[in-house]
Amino acid sequence: QVQLVESGGGSVQAGGSLRLSCAASGHISRTSPMAWYRQAPGKDRAFVATISASGSTKYEDSVKGRFSISRDRAKKTLYLQMNNLKPEDTAVYYCCVRGTDGPILRDYWGQGIRVTVSS
C-alpha cells in the first residue's frame, strides 16, 4: 500500500515562492507519471503539473514559467517549486502517484496541503 505525505505549504505574499514536497512510501510505479493537482475555493480539483518516468513535464497554462515539477527517485519524493505566486494560486494542493495495490495499478492521493497567497 502506498502512503503519501505532503509538506511545504503555507502562506506567502504575492510574488513569493514555496516548494511543496510529496514523500511516498510503499510500491510506486517506476513507469507511470506523477502529478500535482489543486482545488481552489469554490472550484473543482484541477490539473497543475505532471512529470513522466523519463522526466518530461507538462503544465497547466496558468502556471507555465512559474512552477516546476521534479522528482527524486532515491527519496521517492515529488516536488513542486512554485515561484512568482499569485493570489489565484491559492488552493489546496494534492500530489497523485500511481502505485500497486496487490496486482492492480491505481492512483494514490496525498492528504492535501494548503497554499495561501495574499496580495
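Heads up: the structure comes first, above all this text.
Residues numbered from 1 in each chain as written. Predicted model: local features only at pLDDT ≥ 70, side-chain atom pairs only at ≥ 80, totals over all residues. Heavy atoms only, no water.

With respect to the nonpolar core
The line we're drawing: Nonpolar core, defined: a set of buried Ala, Val, Leu, Ile, Met, Phe, Trp, Tyr and Cys residues in which side-chain atoms within 4.5 Å join the residues together. Categorising residues by exposure relies on relative accessible area from a 1.4 Å probe, with only protein chains included: less than 20% of the type maximum marks a residue as buried, more than 50% marks it as exposed, and the intermediate range marks it as partly exposed. The secondary structure listing takes helices from DSSP runs of H or I that are at least 4 residues long and strands from runs of E that are at least 2 residues long, numbered from the N terminus. Contacts: residue pairs with any heavy atoms within 4.5 Å of one another.
Trp-36, Phe-67, Leu-80, Met-82 and Tyr-93 are the most contacted members of the largest nonpolar core, which has 30 residues in total. Among the secondary structure elements, those contributing two or more residues to this core are β3 (18-25), β4 (34-39), β5 (46-51), β7 (67-72), β8 (77-82), β9 (91-101) and β11 (113-118). With residues up to four places along the chain from it excluded, the contact list for Phe-67 reads Arg-38, Val-48, Tyr-59, Leu-80, Gln-81, Met-82, Asn-83, Leu-85, Asp-89 and Tyr-93.

Re the state of the cysteines
Rules: We call a pair of cysteine sulfur atoms a disulfide whenever their separation is within 2.5 Å.
Counting across every chain of the model gives one disulfide. Sulfur-sulfur distance for the disulfide between Cys-22 and Cys-95 comes to 2.0 Å. Disulfide Cys-22 to Cys-95: torsion about the S-S bond roughly 60°, handedness right-handed. Here Cys-95 lies in strand β9 and Cys-22 lies in strand β3, a separation of 73 residues in the sequence. Take Cys-22 and Cys-95: they sit in the same class, and that class is buried. In this structure Cys-96 is not part of a disulfide, and its nearest cysteine sulfur, from Cys-95, lies 7.9 Å away. For Cys-96, a relative accessible area of 8% gives the class buried.

Quick look at the sheet that holds β3
What counts, and what does not: A pair of strands counts as paired when DSSP detects no fewer than two bridges linking them. Every axis in this analysis is a line fitted to C-alpha atoms, fitted for helices over the stretch in contact. Angles between the N-to-C directions lie between 0 and 180 degrees.
Spatial strand order, β1-β3-β8-β7: four strands in an open sheet with antiparallel pairing. Edge strands, defined here as strands with exactly one partner in the open sheet, are β1 (3-7) and β7. Adjacent strand axes in the sheet meet at a mean angle of 15° when their direction is disregarded. Sheet analysis places β3 next to β8, joined by six bridges and oriented antiparallel. Of the residues in β8, the one forming a bridge with Ser-21 is Tyr-79.

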